[in-house]
Amino acid sequence: MKAAVVTDFGKPLEIQELPVPEPGPGQVLVKMEASGLCHTDIHAAHGDWPVKPRPPFIPGHEGIGPVTAVGAGVPADLVGKRVAVPWLGSSCGTCRYCVSGWETLCESQVNSGYSVDGCYAEYAVADASGIVHVPDGVSSFDAAPLTCAGVTTYKAIKVARVVPAERVAVFGIGGLGHLALQYARLVGGLVTAVDLEPDKLGLAHRLGADEIVNARTHDPVEEIKKAGGADVAVVLAAAPKAFEQAFRSLNRGGRLVMVALPADNAAIDVPIFETVLGGISVIGSIVGTRQDLAEVFALHAAGRTQVIAETRRLDQVNDSFDEVLGGRAEARLVFEF
């Protein structure tokens with residue numbers, strides 16, 4: 001099979017011919033139809049985060065395709081079913097997080113394309129307990145970004161507890177942000193989109209943002225405060241400055257939802273006095289669960305969301321990374337096989 005392989009941190013990925021893997025006990029083999037490019041894949045390939053993957057490895061955690069083979073202990077009727085291979089490859093299933101529906105916090109979790117080989121390949125092995133069925137009403141092309149960008153932002157809006165008519169500021173309108181905007185609107189939020197790029201702000205306007213702010217030419221804190229402040233600020237831009245601006249834009253009782261993961265274990269200062277007196281909450285939100293992803297697919301199949309993405313070939317992986325890093329991708333890029 002053809003695969004894009006990280007051979008060392010910071011080096012271009014190599015397109016290699018590798019043997020098709022065989023599913024072990026409890027695993028399935030998935031023939032990739034589409035695999036989305038997430039900024040996490042770039043962080044993985046560069047070794048940006050404190051906990052690093054071990055090269056060589058195959059990145060990718062937005063893989064969609066049919067099951068072609070199953071390992072021991074896996075029902076044979078899974079063969080032919082179209083499934084998603086998400087970031088959360090597997091979890092222990094027995095810890096207090098797993099049994100309470102928070103398997104994304106499991107300390108024994110395995111992550112696709114990070115701790116095990118992922119979906120930048122024509123075939124991928126996945127844990128049968130971690131895959132999610134893709135309904136007929138969702139194309140493989142759309143399902144790929146929904147498998148991470150969708151479920152991550154859906155979960156962020158969930159944990160923010162947005163209620164109708166609350167003001168929601170979304171910092172970073174791209175692969176994640178264009179979906180966060182839509183989920184915030186679905187629950188009745190009044191959305192302000194913040195970005196540096198006019199094209200992405202144009203996309204936010206087309207998707208129904210109530211306000212747009214160009215953070216390159218205007219102070220987003222001032223602009224958001226003028227419009228009534230933010231009850232919720234969701235940060236999807238991997239820049240510490242965006243987190244600081246988001247915090248300062250909050251109203252009393254506001255919730256800052258941290259989603260993006262800047263490189264080098266970045267930090268921001270949270271003023272204790274202002275936070276306590278203002279009743280402000282700071283919430284970390286990681287990718288959603290399998291149930292969350294099933295809900296994301298159901299909403300998309302019902303026509304409630306749009307995925308904005310462009311097709312790329314796997315052998316364009318390094319150029320595609322450059323597109324994302326340079327802010328030239330309107331939203332998501334998807335490798336099709």
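Residues numbered from 1 in each chain as written. Predicted model: local features only at pLDDT ≥ 70, side-chain atom pairs only at ≥ 80, totals over all residues. Heavy atoms only, no water.

Asks: I'd love a proper account of the packing of helix α3 (residues 140-160) against helix α4 (residues 177-186), names of residues and values included.
Replies: Between α3 and α4, the shortest axis-to-axis distance is 9 Å and the interhelical angle comes to 40°. Viewed along their axes, α3 and α4 adopt a mutual orientation that is oblique. α3 and α4 meet at a crossing whose hand is right-handed. Between α3 and α4, the residues in contact are L146, A149, G150, T153, Y154 and I157 and L179, A180, Y183 and A184, respectively. Each residue belonging to the contact of α3 with α4 can be placed in one class, and the counts come to eight nonpolar, two polar and no charged. (Axes fitted to C-alpha atoms, helices over the stretch in contact; angles between N-to-C directions. Helix = DSSP H or I, 4+ residues; strand = E, 2+ residues; numbered from the N terminus. Parallel < 35°, antiparallel > 145°, perpendicular 65-115°, else oblique. Left-handed = near helix turned anticlockwise from the far one by under 90°. Contact = heavy atoms within 4.5 Å. Nonpolar A, V, L, I, M, F, W, Y, C, P; charged D, E, K, R; others polar.)

Asks: Just give me the short version of the UniProt feature "domain: Enoyl reductase (ER)" (unreviewed entry) in the protein chain, but keep the residues and values in it.
Replies: Per the UniProt record, "domain: Enoyl reductase (ER)" (unreviewed entry) is found at residues 10-335. Within residues 10-335, the helical portion is 29% and the strand portion 24%, while the C-alpha atoms at the span's ends are 21 Å from each other. (UniProt positions renumbered as here; feature names shortened; annotations may be inferred.)

Asks: Describe the packing of helix α1 (residues 39-46) against helix α10 (residues 317-325), listing the residues and the values that go with them.
Replies: Where α1 meets α10, the axes come as close as 10 Å, and the angle between the chain directions of the two elements is 110°. By the angle class used here, α1 and α10 are roughly perpendicular. As for the relative orientation of α1 and α10, their crossing is left-handed in sense. Across the interface between the two elements, H39, D41, I42, A45 and H46 from α1 touch F321, V324 and L325 from α10. Across the contact of α1 with α10, the residue classes break down as five nonpolar, two polar and one charged.

Asks: Break down the sheet that holds strand β12 (residues 190-195) for me, with residues and values.
Replies: Strands sit in the order β13-β12-β11-β14-β15-β16 across an open sheet of six strands; the sheet is parallel. Looking at the sheet topology across the chains shown, the edges are occupied by β13 (211-214) and β16 (281-284). Averaged over all adjacent pairs, the angle separating strand axes in this sheet is 20°, with direction ignored. For strand β15 (residues 250-258) and β16, the ladder comprises four bridges, and the chain directions are parallel. (Pairing = 2+ DSSP bridges.)

Asks: If you had to explain helix α5 (residues 198-206) to someone new, which residues and values would you point to?
Replies: Taken as a whole, α5 has its buried residues at K200, L201, L203 and A204. Looking straight down α5, one finds that the buried residues subtend no more than 155° of arc, so they occupy a single side. What points out from α5, more than 90 degrees from its buried face, is the exposed set P198, D199, H205 and R206. Phi turns positive, to about 105°, at G208, one or two residues after α5. (Buried < 20%, exposed > 50% of the residue type's maximum accessible area, 1.4 Å probe, protein only. Arc of directions from axis to C-beta.)

Asks: Can you lay out the pattern of salt bridges for me, pointing to particular residues and giving the numbers?
Replies: When their charged atoms lie close together, side chains carrying opposite charge are able to pair. The full count for this structure, using the stated rule, is 12 salt bridges. In this structure, the salt-bridge partner of K158 is D292, at a minimum N-O distance of 2.8 Å. Taken together, the residues K158 in helix α3 and D292 in helix α9 (residues 290-301) connect sequence positions 134 residues apart. The partner of R206 in a salt bridge is E330, with the nearest N and O atoms 2.8 Å apart. On the criterion of sequence distance, the pair formed by R206 in helix α5 and E330 in the loop between α10 and β18 (332-336) is long-range, its members being 124 residues apart. Take R206: its relative accessible area is 55%, and that puts it in the exposed class. (Salt bridge = Lys/Arg side-chain N within 4 Å of Asp/Glu carboxyl O.)

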